[in-house]
Amino acid sequence: MTNARPVGARRGIQGVLGVIWLLDAALQFQPYMFTRAFATRVIEPAAAGSPGFVARPVLLAGHLIQHNPAAFDAVFATVQLAIGLGLLWRPTVRVALIGSMAWALSIWWLGEGLGQVFTGTASPVTGAPGAAVLYALIAVLAWPSRAQAGSVASGSVASGSPLGGRWSRLAWLALWGSGACFLLLAASRAAGALRDSIAGGAAGEPAWLASAERGAATSIGPDGGAISVTLAVVFAVIALGILVPAATRPVLVLAVIVAAACWVLGQSFGGIATGQATDPNSGLPLILLAATYWPPARSSRRSSRSTAAAMSGPAAMPAAPVVPPAQ
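In this text, all values refer to a predicted model and were calculated from it rather than measured experimentally. (Residues numbered from 1 in each chain as written. Predicted model: local features only at pLDDT ≥ 70, side-chain atom pairs only at ≥ 80, totals over all residues. Heavy atoms only, no water.)

A.B. asks: It is not clear to me how the overall build of the chain should be interpreted in this structure. Could you clarify?
C.D. replies: From N to C terminus, the chain includes 14 helices and zero strands. Tracing the chain from N to C terminus, the helices and strands come up as α-α-α-α-α-α-α-α-α-α-α-α-α-α. When burial is assessed residue by residue, the chain has 43% of its 327 residues classed as buried. Within the chain, counting contacts between residues at least 6 apart in sequence, those at least 24 apart form 76% of the total. With the model as given, the accessible surface of the chain reaches about 15500 Å², and the carbon-plus-sulfur share is 69%. (Helix = DSSP H or I, 4+ residues; strand = E, 2+ residues; numbered from the N terminus. Buried < 20%, exposed > 50% of the residue type's maximum accessible area, 1.4 Å probe, protein only. Contact = heavy atoms within 4.5 Å. Areas by Shrake-Rupley, 256 points an atom, 1.4 Å probe, with all protein chains shown as cover.)

A.B. asks: Mind showing me how you'd approach helix H7 (residues 164-183) here?
C.D. replies: Count 3.6 residues to each turn of an α-helix, and residues three or four apart come out pointing the same way. Taking 1.5 Å of rise per residue, the 20 residues of H7 would be expected to cover 28 Å, and the 29 Å separating its terminal C-alpha atoms lies within 8% of that figure. Among the residues of H7, those classed as buried are Gly164, Gly165, Ser168, Trp172, Leu175, Trp176, Gly179, Ala180, Phe182 and Leu183. (Expected span 1.5 Å × (residues − 1).)

A.B. asks: I'm lost on unusual backbone geometry in this one. Help?
C.D. replies: For residues other than glycine, phi is negative in most cases, and the peptide bonds are mostly trans. A cis geometry characterises the amide bond from Ala128 onward to Pro129, with omega recorded as 5 degrees. Mapping Pro129 onto the fold places it in the loop between helix H5 (93-110) and helix H6 (131-141). Unlike most non-glycine residues, Leu114 shows phi in positive territory, near 55 degrees. Positive phi, close to 50 degrees, is recorded for Ser268, a residue that is not glycine. Following the sequence through the fold, Ser268 ends up in the loop between helix H12 (248-266) and helix H13 (283-292).

A.B. asks: Help me understand the environment of Leu114, please; the structure alone is not making it clear to me.
C.D. replies: On the secondary structure map, Leu114 appears in the loop between H5 and H6. Since its relative accessible area comes to 11%, Leu114 is described here as buried. Once you skip the residues sitting within four places of it in the chain, Leu114 turns out to touch Phe53, Val54, Trp108, Trp109 and Pro129.

A.B. asks: How do you make sense of the packing of helix H11 (residues 225-241) against H12 when you look at a structure like this?
C.D. replies: Between two packed helices, the angle of one axis relative to the other and the distance separating the axes together describe the packing. Put simply, H11 and H12 touch, their axes get as near as 9 Å, and they point 140 degrees apart. Accordingly, the angle class assigned to the pair H11 and H12 is oblique. The interaxial crossing formed by H11 with H12 has left-handed handedness. Packed against H11, whose contacting residues are Val234, Phe235, Val237, Ile238 and Gly241, the element H12 presents Thr248, Val251, Leu254, Ala255 and Val258 at the interface. (Axes fitted to C-alpha atoms, helices over the stretch in contact; angles between N-to-C directions. Parallel < 35°, antiparallel > 145°, perpendicular 65-115°, else oblique. Left-handed = near helix turned anticlockwise from the far one by under 90°.)

A.B. asks: Would you mind showing me how to read the confidence of the model for the chain here?
C.D. replies: It should be kept in mind that the predicted coordinates are not to be read in detail where pLDDT is low. Across the chain, the average pLDDT comes to 89, with 86% of residues at 70 or higher. Considering only residues more than four positions removed or in separate chains, one finds that residues 148-153, a stretch of pLDDT under 50, has 14 contacts. The low-confidence segment residues 303-319 (pLDDT under 50) makes seven contacts with residues lying over four places distant or belonging to another chain. (pLDDT = per-residue confidence, 0-100.)

A.B. asks: What is the right way to look at a nonpolar patch on the surface in this model?
C.D. replies: A contiguous nonpolar surface patch, about 410 Å² in accessible area, is contributed by Val19, Phe29, Leu81, Leu85 and Leu88. Looking at the nonpolar patch, the element that brings in the most residues is helix H4 (residues 69-88), giving three residues. Structurally, Phe29 can be placed in the loop between helix H1 (4-28) and helix H2 (37-43). (Patch = residues over 30% accessible without salt bridge, like charges linked within 9 Å, V, L, I, M, F, W, Y side chains within 5 Å. Salt bridge = Lys/Arg side-chain N within 4 Å of Asp/Glu carboxyl O.)

A.B. asks: What should I look at first to understand the packing of aromatic side chains in this one?
C.D. replies: For any pair of aromatic rings, the description rests on two quantities: the centre-to-centre distance and the angle between the ring planes. Under the definition given, this model contains 10 aromatic pairs. Between Trp208 and Phe269 the ring centres are 6.2 Å apart and the planes differ by 55 degrees, which places this aromatic pair in the tilted class. Taken together, the residues span a long stretch of sequence, with Trp208 in helix H10 (residues 207-220) and Phe269 in the loop between H12 and H13 at a distance of 61 residues. Residues Trp263 and Phe269 carry aromatic rings whose centres are separated by 4.9 Å and whose planes lie at 80 degrees to one another, so their mutual orientation is edge-to-face. Joined through ring pairs, the aromatic side chains of Phe38, Phe72, Phe76 and Trp103 make up one cluster. (Phe/Tyr/Trp six-rings, centres within 6.5 Å; stacked < 30°, edge-to-face > 60°.)

A.B. asks: Before we go on, may I ask you to explain the nonpolar core in this structure?
C.D. replies: The nonpolar side chains of soluble globular proteins are, as a tendency, buried together. Formed by 54 residues in total, the largest nonpolar core has its most connected members in Leu17, Leu97, Trp172, Trp176, Leu289 and Tyr293. Examining the composition of this core, we find that 10 residues originate from one element, H6, more than from any other. Discounting chain neighbours no more than four positions away, the residues touching Tyr293 are Leu141, Ser156, Ala158, Ser168, Arg169, Ala171, Trp172, Ile242, Thr248 and Leu252. (Core = buried A, V, L, I, M, F, W, Y, C linked by side-chain atoms within 4.5 Å.)

A.B. asks: Looking at this model, I keep getting lost on the side chain of Ser282. Mind explaining?
C.D. replies: With respect to the helices, strands and loops of the structure, Ser282 is situated in the loop between H12 and H13. A relative accessible area of 0% means that Ser282 is categorised as buried. Engagement of the side chain of Ser282 in a polar contact is seen with the backbone oxygen of Gly127, the distance being 3.4 Å. Those residues in contact with Ser282 that sit more than four places away from it in its chain are Pro124, Gly127, Ala128, Gly130, Ala131, Leu134 and Gln267. (Polar contact = N/O pair within 3.5 Å; in protein donor to acceptor, adjacent residues only side chain to side chain.)

A.B. asks: Where do I start with the side chain of Ser123 in this structure?
C.D. replies: Inspection of the secondary structure puts Ser123 in the loop between H5 and H6. For Ser123, the contacting residues outside a window of four places in its chain are Ala128, Phe182, Leu183 and Ser188.

A.B. asks: Quick question: what am I supposed to make of the environment of Ser145 here?
C.D. replies: Along the polypeptide, Ser145 turns up in the loop between H6 and H7. According to the relative accessible area criterion, Ser145 is partly exposed, its value standing at 33%. Sequence separation between Ser145 and Gly160 is 15 residues, and the spatial gap between their C-alpha atoms is 6.4 Å. Those residues in contact with Ser145, other than ones at most four positions away along the chain, are Arg10 and Gly160.

In structure tokens, the structure reads:
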């Protein structure tokens, strides 16, 4: 068996990332983004509460955009459109992945204020550490593998990335571990904090979604500290579970469930129905990220090992000696 499965899975990850970039481009082309509100209500608020080295570049970017918001927004949307299309067209995948990393990191700093992780109020429920940095990480993990056509396919997409198995697992550990730390911050454990953040996301959303968020906020009640601590434990389990091979699949399933719940109830699908969103927030890329760590089926591993053993064995058995017939 060849490495077709990881190559196919890797190509699928690249394609889905491309679709997400196309979604971002479509959101960036919304009429709202061509006005000064893009700078004053989307970019500049990302600086609030952050230290100077984060806030100053964000405010500078907002100030520059205000001079000609339509032109800047057109450029931003076109870049994202080009990245998305580049990821969907195989010959340009490498260039598009490089562009994805560079553009995502610039957005993470200048558009998201590094996900507001230095504000003391960041929470993974509402989107920390930011969608853009997840785009960059997925692009690294989805980088085309240099494996030869006959190589053994026993690892996940992440383990076959330039980071390798060890560093990709450490990246997962850092991501979900930081989420656990954010949930243990005083601001996250404060009375009513979790309830208010979920209820506040209902504004401007469709009735069915707003109703679900208000219902969740009511269920949490005024004292959400215990729930935040419980969520922190769940995030820690997800973070550490990736280090245990036997727990990988259950942990990834749990990660998808948690990410989906946060995406719906804490992030309102990124607010894409409001006409003022620039991306789907962190829930969707977290789900895609989990897919990069999914290990291949055990049967595929056994077939791969058998094929590899056959390929590495002797090309042919030596011929038995020919004994001449007795005279």
